[in-house]
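# Tertiary structure, described
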Amino acid sequence: MWVYEKKLQYPVKVSKCNPTLAKYLIEQYGGADGELAAALRYLNQRYTIPDKVVGLLTDIGTEEFAHLEMIATMIYKLTKDATPQQLRDAGLGDHYANHDGALFYNNAAGAPWTATYIQAKGDPIADLYEDIAAEEKARATYQWLIDISDDPDINDSLRFLREREVVHSLRFREAVEMLKEERDRKKVF
């Protein structure tokens, strides 16, 4: 069962209209290491993961959708008052021409999201290592976004998201150790 609260997981505030920053944030919306790819990866992998850790992938996968909602809110707030010229100046002219102010799943360079971003090997330990790598790449991207942002309000939300990536990575690492222990346990028949 899934319960949706009609509020963001963490508040999103924006100091000013900034389409350039919005363009960079699109990386976490539809990029290879973004929130959509993470959510779909984990929710897909849970069908071939042992019962001991299936709940972990469900929990983190659904939380990633909450992060996607936060990123979408940031992008919307950063662009809602932008003129077409400001969008062009920010490198979002092509996006505006195709989608107006609507969000679209692509990365910061404009390449559309693709299912090739989702990895699932069917080997639980291999998949969890993939998940650890995904979380660490997302953490790094959030740090780089913080580094180029001059908006203290956005940075507050980005720091929250960065820290959640750290927590997810740690949880996946714990799951790997749990599964390794189970795998390596001597079985007597």
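If you're wondering where the values come from, they're calculated on a predicted model, not measured in any experiment.

## Focus on the UniProt feature "binding site: Ca(2+)" (unreviewed entry) in the chain
The sites that UniProt annotates as "binding site: Ca(2+)" (unreviewed entry) are Asp59. Within the secondary structure, Asp59 sits in helix 3 (residues 51-79). For Asp59, a relative accessible area of 52% gives the class exposed.

## Quick look at the packing of aromatic side chains
This structure, assessed with the given rule, holds 4 aromatic pairs. Residues Tyr10 and Phe160 carry aromatic rings whose centres are separated by 4.4 Å and whose planes lie at 10 degrees to one another, so their mutual orientation is stacked. One end of the pair, Tyr10, is in the segment before helix 1 (19-30); the other, Phe160, is in helix 7 (residues 152-184), with 150 residues separating them in the sequence. Ring plane angle 5 degrees and centroid distance 4.6 Å describe the contact between Tyr29 and Tyr105, whose orientation is recorded as stacked. Linking Tyr29 in helix 1 with Tyr105 in the loop between helix 5 (93-99) and helix 6 (124-148), this pair joins segments that are 76 residues apart in sequence. Looking at Tyr105, the relative accessible area reads 33%, which means it is partly exposed.

Criteria and thresholds
- Residues numbered from 1 in each chain as written.
- Predicted model: local features only at pLDDT ≥ 70, side-chain atom pairs only at ≥ 80, totals over all residues.
- Heavy atoms only, no water.
- UniProt positions renumbered as here; feature names shortened; annotations may be inferred.
- Helix = DSSP H or I, 4+ residues; strand = E, 2+ residues; numbered from the N terminus.
- Buried < 20%, exposed > 50% of the residue type's maximum accessible area, 1.4 Å probe, protein only.
- Phe/Tyr/Trp six-rings, centres within 6.5 Å; stacked < 30°, edge-to-face > 60°.

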